[in-house]
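This is what each chain is made of:
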Amino acid sequence: MDDRPITRPSLLIRLRDPGDERAWEEFIEIYTPLIHRLARQRGFQDADADDLTQEVFRAVAGAIDRWDPDPARGSFRAWLFRIAQNLMINFLASARRRPQTLGDSGVKDLLDARVKPTPDDSSQFGLEYRRRLFQWAAEKVRGEFREPTWQAFWMTAVDGKKAKEAANALGLSEGAVFMARSRVLARVRRTIEQVEDD
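Thresholds, definitions, all that
Residues numbered from 1 in each chain as written. Predicted model: local features only at pLDDT ≥ 70, side-chain atom pairs only at ≥ 80, totals over all residues. Heavy atoms only, no water. Helix = DSSP H or I, 4+ residues; strand = E, 2+ residues; numbered from the N terminus. Buried < 20%, exposed > 50% of the residue type's maximum accessible area, 1.4 Å probe, protein only. Contact = heavy atoms within 4.5 Å. Expected span 1.5 Å × (residues − 1). Core = buried A, V, L, I, M, F, W, Y, C linked by side-chain atoms within 4.5 Å. Salt bridge = Lys/Arg side-chain N within 4 Å of Asp/Glu carboxyl O. Phe/Tyr/Trp six-rings, centres within 6.5 Å; stacked < 30°, edge-to-face > 60°. Axes fitted to C-alpha atoms, helices over the stretch in contact; angles between N-to-C directions. Left-handed = near helix turned anticlockwise from the far one by under 90°. Nonpolar A, V, L, I, M, F, W, Y, C, P; charged D, E, K, R; others polar.

### Concerning the overall build of the chain
Looking only at helices and strands, the chain has nine helices and zero strands in total. Each helix (α) and strand (β) of the chain, taken in turn from the N terminus, gives the series α-α-α-α-α-α-α-α-α. Each of the 198 residues in the chain was classed as buried or not, and the buried ones make up 37%. For the chain, contacts bridging at least 24 residues in sequence account for 65% of all contacts bridging at least 6.

In structure tokens form, the structure reads like this:
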């Protein structure tokens, strides 16, 4: 009998199956705050950012079968970023065709200026993605650990406190703090690896 664990398929491959609700739930959990924040940074109002986020997911669902995972063609995040950027531009173009309701073309000029991509945008999107993915994975695994273990991890890995300071605050030894941090970080990394695509 083969006892080796079966490798979990990547999230992106699973997204190609519209019936895989768990894959889509994970994808939406990870990317909703990221895309919404990108739209807000570009000057979109909250409701418009929500609408844009839904449009991005609709576009991904319609195009995921055509996405090529070949690294030479670029990463998934770059592809997703281009989709979001294009949809923001389309949104602004359609707003330009509608009658002016805000009374001033300066508002549209401001939005146009904020949506134009800069060379830094893609790297910022990648950084935001990494932050969101860490936060998502941490939320997923938190219930697997006792509160002192979690607090030791959070205080040292996220809040940046020294192990001695965390140990004193939690009534643990420094070794226990290091072990807790290591255990939780390893679990967070495994969770991220399960969904990471590039």
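Having seen the structure, we can now continue with the description.
### Overview of the environment of Ala138
Here Ala138 lies in helix 6 (residues 119–141). Sequence-wise, Ala138 and Val188 are 50 residues apart; in three dimensions their C-alpha atoms are separated by 5.8 Å. In contact with Ala138, other than residues within four places in its own chain, are Trp150, Trp154 and Val188.

### Digging into helix 7 (residues 147–158)
Look at helix 7: 15 Å from first C-alpha to last across twelve residues, which is about the 16 Å you get at 1.5 Å a residue. Those residues of helix 7 not exposed but buried are Thr149, Trp150, Ala152, Phe153, Met155 and Thr156. One or two positions beyond helix 7, positive phi appears at Gly160, with a value near 80°.

### Looking at the nonpolar core
Counting 45 residues, the largest nonpolar core has Phe27, Tyr31, Val56, Val60 and Phe76 as the members making the most contacts within it. When residues of this core are traced back to their parent elements, those giving at least two are helix 1 (11–15), helix 2 (21–41), helix 3 (46–63), helix 4 (76–97), helix 6, helix 7 and helix 9 (174–195). Counting residues in each nonpolar core, the second largest holds seven residues, with Ala152, Met155, Ala163 and Ala167 among its members.

### Here's the deal with the pattern of salt bridges
Evaluation of the coordinates by the stated rule reveals seven salt bridges. The shortest N-O distance in the salt bridge between Arg187 and Glu144 comes to 2.7 Å. Placement of the pair is Arg187 in helix 9 and Glu144 in the loop between helix 6 and helix 7, with a sequence separation of 43 residues. Given a relative accessible area of 43%, Glu144 falls into the partly exposed group.

### Remarks on the packing of aromatic side chains
By convention here, two paired aromatic rings are described through the distance between centres and the angle between planes. Using the criterion set out here, one finds eight aromatic pairs in the structure. The interplanar angle of 40° and the centroid separation of 4.7 Å between the aromatic rings of Phe27 and Tyr31 together place this pair among those described as tilted. With Phe27 and Tyr31 both in helix 2, this residue pair falls four residues apart, about one helical turn. Ring plane angle 40° and centroid distance 6.4 Å describe the contact between Phe134 and Phe153, whose orientation is recorded as tilted. Taken as a pair, Phe134 in helix 6 and Phe153 in helix 7 lie far apart in primary sequence, 19 residues in all. With relative accessibility at 27%, the residue Phe134 sits in the partly exposed group. You can call Phe153 buried: its relative accessible area is 0%.

### What about the packing of helix 7 against helix 8 (residues 163–170)?
Contact geometry of helix 7 with helix 8 gives a least axis separation of 9 Å together with a crossing angle of 150°. In this structure, helix 7 crosses over helix 8, and the sense of that crossing is right-handed. Note on element contacts: helix 8 touches helix 7 through Ala163, Ala166, Ala169 and Leu170, opposite Pro148, Gln151, Ala152, Met155 and Thr156. Of the residues assigned to the contact of helix 7 with helix 8, the class counts are seven nonpolar, two polar and no charged.

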